[in-house]
Amino acid sequence: MNEIFMNVGFWVLGITAVVASLFMVTRENPVHSALWMLLTFFAVAGIFIQLDAEYIAAIQVMVYAGAILVLYMFVVMLLNPKSTGFIKVPAKVILGSVVALVLFLQFVMTLMGTGVIKSAQMSGMNLPEGLSNVKAFGAVMFTQYIVPFEVASILLLVAMIGAIVIAKKD
Amino acid sequence: MQNFMMNLQSIFPEVLMTIFGLILVVLDVMTKKEKKSMVGYFGIAFLLITALLTNPQVGGKYLGFNNMLMWDNFSYVFFVIFALAYTLTTLGSVEYLKDKGILKGEFYTIMFFSILGMMFMVSAFDLTIFYVGLETMAIAMYVLAGFNKNEMRSSEAGVKYFIIGAFSSAMLLFGMTYVYGATGTLNYLQISEVLKSGLVADNMTVKIGLILMLTGFAFKISAVPFHMWAPDVYQGAPTPAAGFMTVAPKAAAFAALIRFVYIALEPAAGLWVPLFSILAVLTMTYGNLVALAQTNVKRMLAYSAISHAGYMMIGLVAMNPEGYRAIALYSLIYVFMNIGAFTLLGILKNKGMVEDERLESFAGLAKKNPLYALGMLIFMFSLAGIPPLAGFIGKFQIFMAAMKADMIWLAVIGALNSALACYYYMRVTIYMYFNEPEYEVEATVGRSAFITSFIGVVMVLFVGFFPTAFINFVRHLLV
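Peer 1: Explain the overall build of chain A here, please?
Peer 2: The helix and strand tally for chain A stands at seven helices and zero strands. Secondary structure elements of chain A, listed N to C terminal, follow the sequence α-α-α-α-α-α-α. The burial tally for chain A puts 22% of its 170 residues in the buried class. For chain A, the proportion of contacts with a sequence separation of at least 24, taken over those separated by at least 6, is 62%. When the accessible surface of chain A is split by element, carbon and sulfur atoms take 76% of a total near 12100 Å².

Next up, the structure:
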């Protein structure tokens, strides 16, 4: 029974994510695009929760849906675009999309034939005894992966210096 | 305790560099506005100190942090290459930056931190460290490309580099997730073990992952057909930054790629060797053919940088120690000749009518600035690989490695390509020595540009006549 609920949930979230991202790239008004992107983020976060990755889901909502999207909105509002409705799609683009879709279906069929999709069965993670998801994540992050974690701080420092150099008025 | 010492030794150079980088940030605030080149000179001193303190003895290997970070001769040689690129770029950039009104300490600070990122890329034994190192380097490069924000071209280069860089990084990451999903590990040694065990030999997931990752790498080393960003970025970036970008990040990407494919993908050689052989042929041939048609020397050098990446790829697919030693040697030589050429290019100015770097600007320079013309001639001959100069030694070693690996066809294609490349390098010298000037051009070799090009010329001649010094330097490399 639980299995069925999970499956239904996955299909609902998955289809929402795909449809919302499609709407996102076809809107001409950037504000609408951003709102559709928000929906995509939430749907993807839901999928992460289904995969027992609550931490990633929370980060997805907080960082992407929270911080990054707000930033996008600020930029969009500052630029103040006027147009609305759909992007006008030229005929050759539609033709190209059809070709791409056919190719994609062929890829999927080939992959199905080789059994990749079957072998990529989703299964829950094996968490260490007595640790919840977030705790396990943190434990690994600050022991085994301490070096990349620290290098990331240098990365952010460089990005900050760079942003100031590029954006500051002389 | 033993473990702790090993960890410390493996990360010591990077820690030292981080401290020095932070000191540079502080120094930048303390120097006066017109003395910002001091920051760069301090950077050179810091690099010298690091290079002296961190030299591992021959065969010394410090692998720390759960086999994630390695400091050995290989990392050290590539660190020296980055340090030399930084030194020459810094020395040669002062007048150019002052002239364009962008002499800021951040130029040097960011370049310094980019070297730190490159060190992590080269020392990484784990995909996570490799990736954060790569991003540190890449972000620094985006900023350097767009550093001259008063100029449209430079901003365009920065944005273009950023978008393509983000795209290729995404591809690399996507590939990494597949590899991780199939092998269950990010460590090079463990990936190699899993691949060797044959459990995932026919698994499409691994293959898709590796293809995506190698495509990402191909973007970073600007291999054809993933090169389209390179000419615009190199042409738009401030000339000293372009010189640095054609040398150091490329060497870093090659070194990281060597580590990854020789250690992690060694069991899967059947998959990537043909791929990179094809890419090498395409890159060399396309880069050279398109360079033939260029009338802007900076853009021509950008295409020549693409074709040089193609030559280096021959060393990669040779799949023997000679191959990656030849790549290290080639990068080392390339530092001197390419940054030298870019420095000389940077001081060429025509009175603002057309692009400074047009081929016609070089006409008749030999009569007006004989020293400038001589320097440019030596760099061009060396880039073309004319025998007594350093460029020849580099190419020779690469082709020898290919011969040793029974890839004679690849060596032949490489040799034919360098013959083809002679045409466009020679054209610059022909313009300088045999053509009459069409318009007023100014090429005052200032003090700093003189020092850089002098070092470049001396090294190119020295290595050309006495190659053993450099060959000994890379002889003991082992991934």
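Peer 1: I'm lost on the overall build of chain B in this one. Help?
Peer 2: Tallying secondary structure elements over chain B gives 19 helices and four strands in all. In terms of C-alpha radius of gyration, chain B reaches 21 Å, essentially the compact-globule figure of 23 Å for 479 residues. If you line up chain B on its principal axes, its C-alpha atoms span 70 × 55 × 40 Å. Within chain B, contacts between residues separated by at least 24 positions form 80% of all contacts whose residues are at least 6 apart in sequence. Element-wise, carbon and sulfur atoms account for 69% of the exposed surface of chain B, whose accessible area totals about 17000 Å².

Peer 1: Hey, could you run me through the pairing of strand β2 (residues 69–72) of chain B in this one?
Peer 2: The side chains of a regular strand alternate between both faces of the sheet. Residues and elements named next belong to chain B. By the alternation rule, side chains of β2 split into L69 and W71 and M70 and D72, which are all buried. Looking at chain direction, strand β1 (residues 61–64) and β2 are connected through four bridges and run antiparallel. Paired with L63 across the strands is M70, a residue of β2. What sits between the antiparallel neighbours β1 and β2 is a turn of four residues, in which F65 has the positive phi angle 55 degrees.

Peer 1: Where do I start with the packing of helix α3 (residues 73–100) of chain B against helix α10 (residues 239–264) of chain B in this structure?
Peer 2: The description of two packed helices rests on the angle between their axes and on the distance between the axes. All names here are of chain B. Direction vectors running N to C along α3 and α10 enclose 170 degrees, while the axes themselves pass 8 Å from each other. Accordingly, the angle class assigned to the pair α3 and α10 is roughly antiparallel. Across the interface between the two elements, F74, S75, F78, I81, F82, A85, Y86, T89, S93 and Y96 of α3 pack against T239, P240, F244, V247, A248, A251, A252, A255, I258 and R259 of α10.

Peer 1: Mind showing me how you'd approach the packing of aromatic side chains here?
Peer 2: When we look at a pair of aromatic rings, we describe it by the centre distance and by the angle of the planes. Residue and element names in this part refer to chain B. Throughout the structure, instances matching the rule amount to 36 aromatic pairs over all chains. Judged by centre distance (6.4 Å) and plane angle (70 degrees), the rings of W272 and F276 are edge-to-face. On the criterion of helical spacing, the pair formed by W272 and F276 is a turn pair, its members being four residues apart in helix α11 (residues 269–292). For the pair formed by W272 and F276, the shared burial category is buried.

Peer 1: Please clarify how the pattern of salt bridges should be interpreted in this entry.
Peer 2: Opposite charge on two side chains permits pairing when their charged atoms draw close. All names here are of chain B. Applying the stated criterion to the full structure yields ten salt bridges over all chains. D28 is the salt-bridge partner of K36, the closest N and O atoms lying 3.1 Å from each other. When sorted by exposure, K36 lands in the same class as D28, which is buried. A salt bridge links K160 to D232; the nearest nitrogen and oxygen atoms lie 2.7 Å apart. One end of the pair, K160, is in helix α6 (residues 152–183); the other, D232, is in helix α9 (residues 229–236), with 72 residues separating them in the sequence. Through salt bridges with shared partners, a single ionic network connects E156, K160, D232 and R299.

Peer 1: Got a minute to help me understand the environment of A:Y55 in this structure?
Peer 2: Of note, A:Y55 is situated in helix α3 (residues 54–79). Between the C-alpha atom of A:Y55 and that of A:F137, which follows or precedes it by 82 residues, the distance is 8.1 Å.

Peer 1: What is the right way to look at helix α13 (residues 321–346) of chain B in this model?
Peer 2: Because each turn of an α-helix spans 3.6 residues, side chains separated by three or four positions in sequence point in the same direction. Counted at 1.5 Å a residue, the expected span for α13(B) with its 26 residues is 38 Å, and the 37 Å between its end C-alpha atoms agrees. When the local axis directions of α13(B) are compared, the greatest deviation, roughly 30 degrees, occurs at B:Y334.

Peer 1: Could you clarify how one ought to interpret the confidence of the model for chain A in this entry?
Peer 2: With 84% of its residues at a pLDDT of 70 or more, chain A has an overall mean of 82. Highest mean pLDDT in chain A belongs to helix α7 (residues 146–167) of chain A (93); lowest belongs to helix α5 (residues 116–119) of chain A (50).

Peer 1: Quick question: what am I supposed to make of the side chain of B:S418 here?
Peer 2: By secondary structure assignment, the location of B:S418 is in helix α17 (residues 408–434). Looking at B:S418, the relative accessible area reads 10%, which means it is buried.

Peer 1: Got a minute to help me understand the interface of chain B and chain A in this structure?
Peer 2: A common way to express how large an interface is: the accessible area buried when the components associate. Each partner contributes to the interface: chain B provides 33 residues, whereas chain A provides 22 residues. Between chain B and chain A, a total of about 2200 Å² is buried, with carbon and sulfur atoms accounting for 80% of that surface. Connecting chain B to chain A are zero salt bridges. One can count two residue pairs in polar contact (both at pLDDT 80 or more) joining chain B with chain A. Among the secondary structure elements, those contributing two or more residues to the side of chain B that touches chain A are α1 (2–30), α4 (105–123), α5 (127–145) and α8 (204–220) of chain B. Examining the composition of the side of chain B that touches chain A, we find that nine residues originate from one element, α5(B), more than from any other. Of the residues belonging to the side of chain B that touches chain A, the class tally is 19 nonpolar, nine polar and five charged.

Peer 1: Can you help me understand the environment of B:Q9 in this one?
Peer 2: Residue and element names in this part refer to chain B. Within the fold, Q9 resides in helix α1. Owing to a relative accessible area of 33%, Q9 belongs among the partly exposed residues under this scheme. With 52 residues separating them along the chain, Q9 and K61 place their C-alpha atoms 9.4 Å apart. Once you skip the residues sitting within four places of it in the chain, Q9 turns out to touch Y62 and W71.

Peer 1: What is the right way to look at a positive patch on the surface in this model?
Peer 2: A contiguous patch of positive charge on the surface is contributed by B:K32, B:K35, B:K98 and B:R447. Structurally, the position occupied by B:K32 is in the loop between α1 and α2 (37–53).

Peer 1: In this structure, what is going on with helix α18 (residues 447–465) of chain B? I would like to understand it.
Peer 2: Residue and element names in this part refer to chain B. Between its terminal C-alpha atoms α18 stretches 27 Å, which fits the 27 Å expected from 19 residues at 1.5 Å a residue. Looking at α18, one finds that the buried residues are S448, A449, T452, S453, G456, V457, M459, V460, V463 and G464. On an axial view of α18, the arc spanned by its buried residues comes to 165 degrees, and they lie on one face. The outward face of α18, more than 90 degrees from its buried face, is lined by the exposed residues R447 and F465. Looking at the buried residues of α18, the elements they touch are α3, α13, α15 (370–384), α16 (390–404) and α19 (468–474).

Calculation criteria
Residues numbered from 1 in each chain as written. Chains lettered and ligands numbered in written order. Predicted model: local features only at pLDDT ≥ 70, side-chain atom pairs only at ≥ 80, totals over all residues. Heavy atoms only, no water. Helix = DSSP H or I, 4+ residues; strand = E, 2+ residues; numbered from the N terminus. Buried < 20%, exposed > 50% of the residue type's maximum accessible area, 1.4 Å probe, protein only. Contact = heavy atoms within 4.5 Å. Areas by Shrake-Rupley, 256 points an atom, 1.4 Å probe, with all protein chains shown as cover. Rg over C-alpha atoms; globule rule 2.2 N^0.38 Å. Pairing = 2+ DSSP bridges. Axes fitted to C-alpha atoms, helices over the stretch in contact; angles between N-to-C directions. Parallel < 35°, antiparallel > 145°, perpendicular 65-115°, else oblique. Phe/Tyr/Trp six-rings, centres within 6.5 Å; stacked < 30°, edge-to-face > 60°. Salt bridge = Lys/Arg side-chain N within 4 Å of Asp/Glu carboxyl O. Expected span 1.5 Å × (residues − 1). Bend = angle between axes of the 7 residues up to and from the residue. pLDDT = per-residue confidence, 0-100. Buried area = accessible area lost by both parts, 1.4 Å probe. Polar contact = N/O pair within 3.5 Å; in protein donor to acceptor, adjacent residues only side chain to side chain. Nonpolar A, V, L, I, M, F, W, Y, C, P; charged D, E, K, R; others polar. Patch = residues over 30% accessible without salt bridge, like charges linked within 9 Å, V, L, I, M, F, W, Y side chains within 5 Å. Lys, Arg positive; Asp, Glu negative; His and termini not counted. Charge placed at Lys NZ, Arg CZ, Asp CG, Glu CD. Arc of directions from axis to C-beta.

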